[in-house]
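# Reading the structure
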Amino acid sequence: MAEAVLEREPARKFDVVEVPRRGRVREGLRGYGLIVAMWIRSTMTYRTSFFLSVCGNAAIQMLDFIGIWIMFRHVDALGGFSLPEIALLYGSCSASLGLATLLLGNTDRVGIRVRDGSLDTMLVRPVPVLAQVAADRFALRRLGRIGQGLAVLGWAVSALDVDWSVGKALLVPAMIVAGAAIFAAVMVAGAAFQFVAGDAAEVQNSFTYGGNAMLQYPPTIFAQDLLRGVTFIVPLAFVNWLPALYVLGRPDPLGLPGWVAFLSPLVAFVVFLPASLAWRAGVRSYRSTGS
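Here we summarise the structure given alongside this text. Bear in mind the structure is a predicted one, so any value in this text is a computation, not a measurement. (Residues numbered from 1 in each chain as written. Predicted model: local features only at pLDDT ≥ 70, side-chain atom pairs only at ≥ 80, totals over all residues. Heavy atoms only, no water.)

### Observations regarding the packing of helix α3 (residues 47-71) against helix α8 (residues 143-159)
Running from N to C, α3 and α8 point in directions that differ by 45 degrees, and their axes come no closer than 7 Å. Between α3 and α8, the angle is such that the two are oblique. Crossing angle aside, the handedness with which α3 passes α8 is right-handed. For the pair formed by α3 and α8, the contact residues are V54, N57, A58, Q61, M62 and F65 on the first element and L143, G144, R145, Q148, V152 and W155 on the second. Residue classes in the contact of α3 with α8 are distributed as 7 nonpolar, 4 polar and 1 charged. (Axes fitted to C-alpha atoms, helices over the stretch in contact; angles between N-to-C directions. Helix = DSSP H or I, 4+ residues; strand = E, 2+ residues; numbered from the N terminus. Parallel < 35°, antiparallel > 145°, perpendicular 65-115°, else oblique. Left-handed = near helix turned anticlockwise from the far one by under 90°. Contact = heavy atoms within 4.5 Å. Nonpolar A, V, L, I, M, F, W, Y, C, P; charged D, E, K, R; others polar.)

Dropping the structure here:
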């Protein structure tokens, strides 16, 4: 009888049902949150160690600004900018990079995972690979950089002689969030590049940490070609230069109109599109090491 039933009923064809994009994003955020929560619980097991790590991280980052402060003990201005104005640049980009590294700081380890084959374990888990890479070894101590940057930014805002308006006041927190998104997009693009170049973490860091070091200083001290490159090619100028120039009431060295300062959120979205496509292409092209 079973054979007769099998003969009467043709074999069914199972179609692969793809999860909608919105569902994948929701699944990725949920998986990211679960992994982050796990690492936070592990970190908070030793609260004193966590507290000392955060304070140490903030103290180390503060050394950069102390160097700038010492320099201003001998000069009155740098590139036409005073110490509070440079503190605005320093604090905003430091807070933005701190937020980006807190959320996506381990993407620079993709090359190592590709080389030793540990990325294979992430591919078989029911969580998007990017969420796992970003949340793996979530370092809550990086709050020290964010806190240090916000402290310097707060001092700069209180010390600046600026005619504050609603637009300028809203632009300060907006450029921190948008700047973090731009840094995050660069991190994702750099992680995708490591699928091709192997362990190229330093290339990624040259645009993130190197870009952060550059953005701490006023654009007026750099060459025009460099300014064009970080505005139109790798748009790091939208992290803090262009919004800060609008807040300070200073003209842009490239002659861009003032409304460009409000494009940072849009630029972050535009930059994330090719970065996400590059990441998906990198994951699809990945071939296991077999180990």
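### Some details on the pattern of salt bridges
Using the criterion set out here, one finds 3 salt bridges in the structure. In this structure, the salt-bridge partner of E85 is R250, at a minimum N-O distance of 3.1 Å. Of the two residues, E85 is situated in helix α4 (residues 83-104) and R250 in the loop between α12 (241-248) and α13 (264-285); the sequence distance between them amounts to 165 residues. Classification of E85 as buried rests on a relative accessible area of 12%. R113 serves as the salt-bridge partner of D136, at 2.2 Å between the closest nitrogen and oxygen. Residue D136 is found in the loop between α7 (129-135) and α8, and its partner R113 is found in helix α5 (residues 110-116); the two are separated by 23 residues along the sequence. Residue classification places R113 among the buried positions, given a relative accessible area of 14%. (Salt bridge = Lys/Arg side-chain N within 4 Å of Asp/Glu carboxyl O. Buried < 20%, exposed > 50% of the residue type's maximum accessible area, 1.4 Å probe, protein only.)

### Remarks on the environment of V203
Among the secondary structure elements, V203 is positioned in helix α10 (residues 201-215). With 12 residues separating them in the primary sequence, V203 and A191 have C-alpha atoms 9.8 Å apart.

### Some points on unusual backbone geometry
Of note, R137 is a non-glycine position whose phi angle comes to about 55 degrees, a positive value. Mapped onto the fold, R137 is located in the loop between α7 and α8. With relative accessibility at 48%, the residue R137 sits in the partly exposed group.

### Quick notes on the side chain of R142
Within the secondary structure layout, R142 lies in the loop between α7 and α8. It turns out R142 is buried and unbridged, and the closest side chain with the opposite charge, D108, is 6.1 Å from it. Not counting residues within four places of it along the chain, the set of residues in contact with R142 comprises N57, T101, L102, G105 and N106. (Lys, Arg positive; Asp, Glu negative; His and termini not counted.)

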